[in-house]
Amino acid sequence: MNPKYYITTPIYFPSDKLHIGHSYTTVVCDAMARYKRMRGFDVFYLTGTDEHGLKIEAIAKQNGVSPKEYVDKIVESIKELWKTMDISYDRYIRTTDDYHVESVQKIFKKLYDKGEIYKGAYEGHYCKPCESFWTQSQLKEGNCPDCARPVEKAKEEAYFFRLSNYTQRILDLYKANPEFLQPQSRMNEMINNFLAPGLEDLCVSRTSSTWGVPVTFDPGHVVYVWVDALSNYITALGYENDAFGDFERYWPADLHMMAKEIIRFHAIIWPALLMALELPLPKQVYGHGWLLFGGDKMSKSKGNVVDPVILCNRYGVDAVRYFLLREVPFGQDGNFTNEALITRINADLANDLGNLLSRTVAMVEKYFGGTLPVQRQVGDEDKELIEMASALQKIVEGQIDALQLPSALTEIFRFISRANKYIDQTQPWILGKDEAQASRLASVLYNLLESIRVAAVLLSPFLPGTCPKIFEQIGAGEEVRNWESAGQFGLLSPTATVCKGDTLFPRIDMKEELAQLEAMSAPPAPAATPTTKVEGVAELVDIADFAKISLMVAKITHCDRVPKSDKLLRIELDDGQGGRQVVSGIAQWYAPEDLIGKKLILVANLKPAKLRGVESQGMILAADVGESGEARVIFADDDLPCGAKVR
Ligand code: MSP
């Protein structure tokens with residue numbers, strides 16, 4: 001049986017303000033999960049949402065909806081975001097799921113029955129208008145941190161977990177397993193700040209909120225959100241519930257990944273709770289750094305430039321993933337700037353990787369009509385490139401296994417640069433002028449195709465949307481796309497046929513792009529500013545609104561009529577991202593056969609809708625012909641690649 005690998009992100013607070021910093025943890029875990037799957041592990045990747053607590057209750061109230069209605073809506077948008085970002089999670093847990101609630105209740109009762117939880121009194125500061133308890137350290141200048149009004153000392157009945165009993169056991173755990181908490185600096189922080197002074201018992205129930213998991217044996221109390229939330233890592237596998245039967249198979253977790261501010265909960269409270277439940281402990285807790293914006297912790301209030309959906313629409317998902325995985329030294333804080341993102345895209349993805357592929361494929365087509373001859377002639381310049389390619393897989397594995405994903409990418413791109421240099425050294429364009437050099441030229445181009453294949457295999461966990469397109473272009477079949485195949489140079493079929501495709505990563509004009517981004521983040525014009533009316537045009541919108549719409553070039557690959565409708569056509573499109581279908585009301589003016597092969601403009605981020613029971617994943621642009629209601633599709637130039645952004 002394959003070894004298992006259980007990896008988790010923290011469960012996210014349901015906020016419609018998820019920013020690019022939030023997606024950092026998820027993208028890192030996704031790359032790890034994909035890598036382990038490629039290496040043959042039986043992977044289980046868990047993510048989800050942390051939906052209880054006073055804050056959610058309060059926001060829902062502000063929005064005039066129930067907490068459940070509020071979280072249901074947000075969870076949909078979070079799932080949509082992970083879909084956009086190609087996140088390959090295996091299960092999505094919501095703390096409002098019935099099975100989770102049931103398990104948490106049983107866990108709480110179990111701890112109580114074992115004497116690990118006892119009833120006591122919680123002394124703190126009470127804010128009457130907010131009906132909230134606060135500890136001394138939570139107060140802001142002595143007042144309620146939410147409404148800034150004065151608080152009064154108060155006592156509330158509450159349950160406590162005997163965390164103080166676990167100080168030494170956690171210290172022993174760290175000592176016996178230095179790998180348990182990484183990077184090392186986080187362990188020092190936990191020891192110095194919390195363990196050395198000694199742990200205090202932890203208040204694990206509240207009576208100030210009803211939006212939580214009720215304590216079964218004491219109505220009026222709900223379970224403290226962190227106990228509720230941390231339990232997700234085992235309830236999602238089926239611990240103390242019948243919904244799933246994966247606990248034996250996957251627990252203990254191999255890796256709990258998160259940013260540094262929630263390490264204390266995972267590296268102290270969570271192992272103590274597990275010890276109390278007599279369950280095995282996770283193998284590793286990793287606290288990565290923060291993605292900063294302008295030197296500060298990120299927040300969506302910084303504007304559209306940190307909105308992951310907008311960034312993915314503008315640059316493509318893999319470009320954003322690449323930036324996150326490559327730019328920040330893992331474990332440390334790193335700055336997000338639009339300049340850095342665009343520089344990475346242009347330098348690494350468009351220039352180094354994109355050019356290597358497009359130059360090589362173009363040369364195989366130009367000199368050999370797309371398929372290399374079998375006769376080859378080895379040259380002195382080949383040795384270094386082939387040696388580097390053959391050694392790369394082991395180096396990359398070492399880096400990824402040590403969670404040094406940026407270093408793994410650095411190594412792969414060092415090799416890509418070396419392959420570009422090989423083109424300059426071997427000068428295929430000179431070889432191409434001399435018939436007698438045909439077998440040498442074939443060798444050079446084969447070595448390049450093979451280098452691209454090896455790099456693409458190793459890049460697959462990081463750039464899951466791009467690598468299949470690379471394999472298509474170089475004619476690499478399924479059998480030479482798997483992880484093992486990257487360890488051997490020369491596996492690409494000698495008669496593989498290349499197929500030129502769309503540009504992987506179009507170059508971005510830095511100046512123009514930055515100007516557009518700046519316009520997008522400009523504060524909205526003051527209400528008093530008169531709006532200019534343009535004849536025949538609807539209300540003016542600012543560029544930030546326009547930027548929310550993703551327009552792209554797509555090609556019609558198939559088209560047929562929607563049954564029982566004389567208006568609708570079902571159109572299959574190549575959008576450069578794996579294809580999709582849209583339904584369009586143009587059947588009166590176009591026959592399906594007139595459309596196949598044409599390129600048009602697709603509104604790519606429209607919410608899917610069903611028309612006559614057929615799902616439409618977007619909309620195509622058409623223009624009115626006079627007042628008659630007749631419309632004409634706006635066709636795009638045939639030279640434009642599928643997936644090209646329209647702006
Ligand atoms: N709900 C808790 C976790 C409970 S787990 C049992 C929580 N949620 S969160 O939505 O605030 O954060 C989710 C993840 O995003 C965490 O790993 C958090 O540390 C991470 N990040 C939030 N802002 C971040 C950056 N600016 N940069 C990197 N990671 C960031 O905490």
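A few points on the structure.

What counts, and where the lines are drawn
- Residues numbered from 1 in each chain as written.
- Predicted model: local features only at pLDDT ≥ 70, side-chain atom pairs only at ≥ 80, totals over all residues.
- Heavy atoms only, no water.
- Helix = DSSP H or I, 4+ residues; strand = E, 2+ residues; numbered from the N terminus.
- Rg over C-alpha atoms; globule rule 2.2 N^0.38 Å.
- Buried < 20%, exposed > 50% of the residue type's maximum accessible area, 1.4 Å probe, protein only.
- Contact = heavy atoms within 4.5 Å.
- Areas by Shrake-Rupley, 256 points an atom, 1.4 Å probe, with all protein chains shown as cover.
- Lys, Arg positive; Asp, Glu negative; His and termini not counted.
- Charge placed at Lys NZ, Arg CZ, Asp CG, Glu CD.
- Pairing = 2+ DSSP bridges.
- Polar contact = N/O pair within 3.5 Å; in protein donor to acceptor, adjacent residues only side chain to side chain.
- Near = heavy atom within 4 Å.
- Nonpolar A, V, L, I, M, F, W, Y, C, P; charged D, E, K, R; others polar.
- Right-handed = clockwise from strand over helix to strand, strands pointing away.
- Arc of directions from axis to C-beta.
- Phe/Tyr/Trp six-rings, centres within 6.5 Å; stacked < 30°, edge-to-face > 60°.
- Salt bridge = Lys/Arg side-chain N within 4 Å of Asp/Glu carboxyl O.

### Section: the overall build of the protein
Move 1: Scanning the protein from N- to C-terminus turns up 21 helices and 25 strands.
Move 2: For the protein, whose C-alpha radius of gyration is 28 Å, the value lies close to the compact-globule estimate of 26 Å for 647 residues.
Move 3: Seen along its three principal axes, the alpha-carbon backbone of the protein occupies a region of about 90 × 70 × 50 Å.
Move 4: Relative to its full complement of 647 residues, the protein shows a buried share of 51%.
Move 5: By sequence separation, contacts in the protein at least 24 residues apart represent 74% of the contacts at least 6 residues apart.
Move 6: Approximately 29,500 Å² of the protein is accessible, and the part contributed by carbon and sulfur atoms is 51%.
Move 7: Charge centroids of the protein, computed over 72 positive and 86 negative side chains, lie 1 Å from each other.

### Remarks on the sheet that holds strand S11 (residues 255-259)
Move 1: In spatial order, the strands read S3-S2-S1-S11-S12-S7; together these six strands make up an open sheet with parallel pairing. Edge positions in the open sheet fall to strand S3 (91-94) and strand S7 (181-182), since each of these has one partner strand only.
Move 2: Here strand S2 (residues 42-49) runs beside S3; their pairing, made up of four bridges, is parallel. Across the sheet, the residue bridging to Thr47 is Tyr92, located in S3.

### Focus: the side chain of Asp382
Move 1: Looking at where Asp382 falls in the secondary structure, it is placed in helix H14 (residues 382-401).
Move 2: Since its relative accessible area comes to 2%, Asp382 is described here as buried.
Move 3: At 2.7 Å, the side chain of Asp382 and the side chain of Tyr422 are in polar contact.
Move 4: Contact partners of Asp382, with chain neighbours within four places excluded, come to Tyr422, Arg440 and Asn447.

### As for the site of the ligand
Move 1: Not every one of the 25 residues close to the ligand is listed here, only the nearest: Ile11, Asp50, Ala259, Glu261 and Leu291.
Move 2: One of the backbone nitrogen or oxygen atoms of Ile11 is found 2.8 Å away from a nitrogen atom of the ligand.
Move 3: Glu261 has a polar side-chain atom sitting 2.8 Å from an oxygen atom of the ligand.
Move 4: For the ligand, whose free accessible area comes to 660 Å², the fraction covered by protein is 96%.
Move 5: Contributions of two or more residues to the shell around the ligand are made by helix H1 (20-38), helix H7 (225-230), helix H8 (232-235) and S11.
Move 6: Grouping the constituent residues of the shell around the ligand by class yields 14 nonpolar, eight polar and three charged.

### Points about the sheet that holds strand S13 (residues 291-293)
Move 1: Reading across the sheet, the three strands line up as S14-S13-S15 and stay open at both edges, with mixed pairing between neighbours. Since the sheet does not close on itself, it has two edges, and those belong to strand S14 (296-297) and strand S15 (334-336), each with one partner.

### As for the pairing of S2
Move 1: With eight of its eight residues buried, S2 lies for the most part within the structure.
Move 2: Every second residue of S2 is oriented toward a common face, with Asp42, Phe44, Leu46 and Gly48 on one face and Val43, Tyr45, Thr47 and Thr49 on the other, all of them buried.
Move 3: In this fold, the crossover linking strand S1 (residues 4-8) to S2 by way of H1 has right-handed handedness.

### Some words on helix H5 (residues 167-176)
Move 1: The set of residues buried in H5 consists of Thr167, Ile170, Leu173 and Tyr174. Taken around the axis of H5, the buried residues stretch over an arc of 130 degrees, which confines them to a single face. Along H5, the residues that are exposed and aim more than 90 degrees away from the buried face are Lys175 and Ala176.
Move 2: Tucked inside the fold, the buried residues of H5 contact S7, helix H6 (184-195) and helix H10 (263-276).

### Things to note about the packing of aromatic side chains
Move 1: Under the counting rule described, the total for this entry stands at 28 aromatic pairs.
Move 2: Considering the side-chain rings of Phe108 and Tyr159, the 5.9 Å spacing of their centres and the 80 degrees angle between planes classify their relative orientation as edge-to-face. Note that Phe108 is positioned in helix H4 (residues 98-113) and Tyr159 in strand S6 (residues 152-161), a separation of 51 residues in sequence.
Move 3: By relative accessible area, which is 2% here, Phe108 ends up buried.
Move 4: With centroids separated by 4.5 Å and ring planes inclined at 25 degrees, the aromatic side chains of Tyr112 and Phe217 adopt a geometry described as stacked. In this pair, Tyr112 sits in helix H4 while Phe217 sits in the loop between strand S9 (205-206) and strand S10 (222-223), placing the two residues 105 residues apart along the sequence.
Move 5: Members of the aromatic cluster, joined through ring pairs, are Tyr6, Phe44, Tyr233, Tyr239, Phe247, Tyr250, Trp251 and Trp270.

### Notes on the pattern of salt bridges
Move 1: Applying the stated rule across the entire model yields 36 salt bridges.
Move 2: Residues Arg314 and Glu513 are paired through a salt bridge, measuring 2.8 Å at the closest nitrogen-oxygen approach. In this pair, Arg314 is assigned in helix H11 (residues 308-315) and Glu513 in helix H19 (residues 510-521), connecting sequence segments 199 residues apart.
Move 3: Judged by relative accessible area, which is 12%, Arg314 ranks as buried.

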